[in-house]
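Coordinates in review
Next come the chains, spelled out residue by residue.
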Amino acid sequence: MSAIDELLSRNAGLTERVLGDRSTPQPSLKVALLTCMDARIRVFAIFGLLQGEAHVLRNAGGVVTDDVIRSLALSQRKLGTREVMIVQHTNCGLQTVTEDGFKDELEKASGLRPTWSVEAFREVKDSVRTSMNRVRHAPYLLYTDVRGFVYDVHTGGLTEVF
Ligand SMILES: [Zn+2]
């Protein structure tokens, strides 16, 4: 059984037990939450989120990219969110690669050098600040009320980044 088959198996019979408001696509808390794809970050559990409360965006690192701005523009202008919460974390995979090192690896394997940024970082707080600044200076967003945090994957604690 593949991992996807496993997930389909778990989903069967689960859908009717999901709590939360399903009547509208507009998140009731009016917040968009961006975090890393890291498998240790159980977003809904960490924040006690119910279905219908928040937009949850994820990518490698939980970094603000052009595609995140695309989603935030839709989230704010069409679905009514007002705040952006960025949650990056300790022990992130993006701290184990370098911008040029990973691009070199991909270019060597494929013959093509990526045009996108890897968004590798050494200090997670610096990466959170960079992402917060991208939200604050994004011309397409209506609301730039953004707060950033580092989630400790070992303790479950959150530290705000200023
Ligand atoms: Zn990560």
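Residues numbered from 1 in each chain as written. Predicted model: local features only at pLDDT ≥ 70, side-chain atom pairs only at ≥ 80, totals over all residues. Heavy atoms only, no water.

1. Topic: the side chain of Thr35
Relative to the assigned elements, Thr35 resides in strand S1 (residues 31–36). Residue classification places Thr35 among the buried residues on the basis of a relative accessible area of 1%. A polar contact is formed between the side chain of Thr35 and the backbone oxygen of Val87, at a distance of 2.6 Å. (Helix = DSSP H or I, 4+ residues; strand = E, 2+ residues; numbered from the N terminus. Buried < 20%, exposed > 50% of the residue type's maximum accessible area, 1.4 Å probe, protein only. Polar contact = N/O pair within 3.5 Å; in protein donor to acceptor, adjacent residues only side chain to side chain.)

2. Some remarks on the pattern of salt bridges
In this structure the tally under the stated criterion is ten salt bridges. As a salt-bridge pair, Glu119 and Arg134 come within 3.1 Å of each other at their nearest N and O atoms. Placement of Glu119 in the loop between helix H4 (99–110) and helix H5 (124–136) and of Arg134 in helix H5 is noted, with a sequence separation of 15 residues between them. For Arg134, a relative accessible area of 32% puts it in the partly exposed group. The salt bridge involving Glu160 is made with Arg147; its shortest N-O contact spans 2.7 Å. On the criterion of sequence distance, the pair formed by Glu160 in strand S5 (residues 158–161) and Arg147 in strand S4 (residues 145–151) is long-range, its members being 13 residues apart. Salt bridges sharing partners connect three or more residues here, namely Asp100, Asp104, Glu107 and Arg113. (Salt bridge = Lys/Arg side-chain N within 4 Å of Asp/Glu carboxyl O.)

3. Thoughts on the UniProt feature "binding site: Zn(2+)" (unreviewed entry) in the chain
If you check UniProt for "binding site: Zn(2+)" (unreviewed entry), the listed places come out as Cys36, Asp38, His89 and Cys92 in our numbering. In three dimensions, the annotated residues from a span of 57 residues occupy one location, with a maximal C-alpha spread of 8.7 Å. Structurally, the position occupied by Cys36 is in strand S1. Here Cys36 is in contact with Ile41, Arg58, Asn59, Ala60, Gly61, Gly62, Val87, His89 and Cys92, once residues within four sequence places are set aside. One can find Cys92 in the loop between strand S3 (83–89) and H4. (UniProt positions renumbered as here; feature names shortened; annotations may be inferred. Contact = heavy atoms within 4.5 Å.)

4. Quick word on the nonpolar core
One finds Val64, Leu72, Ile86, Val135 and Leu141 to be the most contacted residues of the largest nonpolar core, which totals 35 residues. Among the elements of the structure, S1, strand S2 (54–59), helix H3 (66–79), S3, H5 and S4 are those that each provide at least two residues to this core. No other element matches the five residues that S1 contributes to this core. When sequence neighbours within four positions are dropped, the list of residues in contact with Val64 reads Leu34, Ile69, Ile86, Ser131, Arg134 and Val135. (Core = buried A, V, L, I, M, F, W, Y, C linked by side-chain atoms within 4.5 Å.)

5. Regarding the pairing of S1
Most of S1 is tucked away: six of the six residues are buried. With six bridges connecting them, S1 and S2 associate as parallel partners. Its bridge partner being in S2, Cys36 is matched across the sheet by Asn59. Judged from the five bridges that link them, S1 and S3 form a sheet pairing that is parallel. Considered in S3, the bridge of Val31 is made with Glu83. (Pairing = 2+ DSSP bridges.)

6. Considerations on the sheet that holds S3
Sheet architecture is open: five strands sit in the order S2-S1-S3-S4-S5, paired in mixed fashion. Since the sheet does not close on itself, it has two edges, and those belong to S2 and S5, each with one partner. Adjacent strand axes in the sheet meet at a mean angle of 25 degrees when their direction is disregarded. Sheet contacts for H3: S1, S2 and S3; angle to S2, the most-contacted strand, approximately 175 degrees. Where H5 meets the sheet, its contacts fall on S3, S4 and S5, and the angle it forms with S4 comes to roughly 165 degrees. (Axes fitted to C-alpha atoms, helices over the stretch in contact; angles between N-to-C directions.)

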